[in-house]
Amino acid sequence: MNWYVVYTKPKWEKKVAEQLKNSGIECYCPLITQVRQWSDRKKKVEVPLFNSYVFVQLAESERNSVFQSVGAVRYLFWLGKPAVVRDEEISIIKKWLDTSDCIDVTVGGYQIGDSIQLESGPFVAQKAVIQEMTNTHYVLVLESLGCVLKMKIK
């Protein structure tokens with residue numbers, strides 16, 4: 001059984017994942033904890049790592065059963081076929097989210113558009129392209145995973 005990427009309505013990732021689990025479909029919605037500030041308070045909230053994406057593991061013949069969930073819109077396609085995510089890639093994401101400490105990433109002497117290879121952390125040996133650099137974070141495009149990674153600077 002393959003892992004597929006389901007595109008959801010905006011802000012429906014957790015709802016879709018819950019509906020899929022209730023219907024017996026293996027799914028994974030990676031969540032991260034962020035501190036959000038309102039005018040009167042700060043609060044820790046869990047938000048999806050990938051906006052509008054939920055990973056589902058099912059057989060090719062069962063792909064249409066995902067659309068019984070209200071917020072599921074369509075599958076993500078790659079080269080004309082539904083995008084398949086390898087088990088190792090899901091494991092890397094889970095491992096990365098399970099680590100308690102933040103990964104130190106130093107970008108020195110690089111410029112936007114440079115291609116680098118990550119040397120530590122769960123994404124070790126992955127090639128990435130620097131998309132954005134600020135004083136607070138780096139945005140890296142992981143070509144092999146087909147995703148954008150935003151890393152905060154400690």
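So, how was this worked out
Residues numbered from 1 in each chain as written. Predicted model: local features only at pLDDT ≥ 70, side-chain atom pairs only at ≥ 80, totals over all residues. Heavy atoms only, no water. 1 Å grid on protein atoms, 1.4 Å probe; cavity = no way out; pocket = protein on both sides within 12 Å on 5 of 7 lines; lining within 4 Å. Points joined across faces, edges and corners; volume = space filled by probe spheres on them. Helix = DSSP H or I, 4+ residues; strand = E, 2+ residues; numbered from the N terminus. Nonpolar A, V, L, I, M, F, W, Y, C, P; charged D, E, K, R; others polar. Buried < 20%, exposed > 50% of the residue type's maximum accessible area, 1.4 Å probe, protein only. Pairing = 2+ DSSP bridges. Polar contact = N/O pair within 3.5 Å; in protein donor to acceptor, adjacent residues only side chain to side chain. Contact = heavy atoms within 4.5 Å. Phe/Tyr/Trp six-rings, centres within 6.5 Å; stacked < 30°, edge-to-face > 60°. Axes fitted to C-alpha atoms, helices over the stretch in contact; angles between N-to-C directions.

Novice: For this particular structure, what's the right way to read the layout of surface pockets?
Specialist: Rolled over the atoms, a probe sized like a water molecule indicates the empty space that remains. Its volume calculated, the largest pocket comes out at about 1600 Å³. Leu 49, Phe 50, Trp 96, Val 148 and Leu 149 are the residues nearest the centre of the largest pocket, which is lined by 48 residues in total. Looking at which element gives the most residues to the lining of the largest pocket, the answer is strand 13 (residues 147–152), with 6 residues. In terms of residue class, the lining of the largest pocket is built from 28 nonpolar, 8 polar and 12 charged.

Novice: Help me understand the pairing of strand 12 (residues 137–142) in this model?
Specialist: The side chains of a regular strand alternate between both faces of the sheet. Counting buried positions along strand 12 gives 5 out of 6 residues, so the element sits mostly inside the fold. As paired strands, strand 12 and strand 13 are joined by 6 bridges and run antiparallel to one another. Bridge pairing in strand 13 links Val 141 to Val 148. Taking the residues between adjacent antiparallel strands as the criterion, strand 12 and strand 13 are bridged by 4 residues, where Gly 146 takes a positive phi near 70 degrees.

Novice: Even after reading the chapter, I still don't get the side chain of Ser 69, so can you show me in this structure?
Specialist: Here Ser 69 shows up in the loop between strand 5 (53–58) and strand 6 (72–75). Relative accessible area serves as the criterion here: at 5%, Ser 69 is assigned to the buried category. Within the local environment of Ser 69, its side chain forms a polar contact with the side chain of Gln 19, the two groups lying 2.7 Å apart. Not counting residues within four places of it along the chain, the set of residues in contact with Ser 69 comprises Val 16, Gln 19 and Leu 20.

Novice: When you look at the packing of aromatic side chains in this model, what are you seeing that I'm missing?
Specialist: Aromatic ring pairs are described here by two measures, namely the spacing of the ring centres and the angle between the planes. Going through the model one piece at a time under the given rule, you end up with 5 aromatic pairs. Between Tyr 28 and Phe 55, the aromatic rings sit 6.4 Å apart at their centres with planes inclined by 25 degrees, giving stacked as the arrangement. One end of the pair, Tyr 28, is in strand 2 (residues 26–28); the other, Phe 55, is in strand 5, and 27 residues separate them in sequence. Judged on exposure class, the residue Tyr 28 and its partner Phe 55 are both buried.

Novice: How do you make sense of the sheet that holds strand 12 when you look at a structure like this?
Specialist: The sheet built from 4 strands is open, its strands ordered 10-11-12-13 with antiparallel pairing. One side of each edge strand has no neighbouring strand; the edge strands of this open sheet are strand 10 (115–117) and strand 13. Averaged over all neighbouring strand pairs, the angle between strand axes comes to 40 degrees, with direction disregarded.

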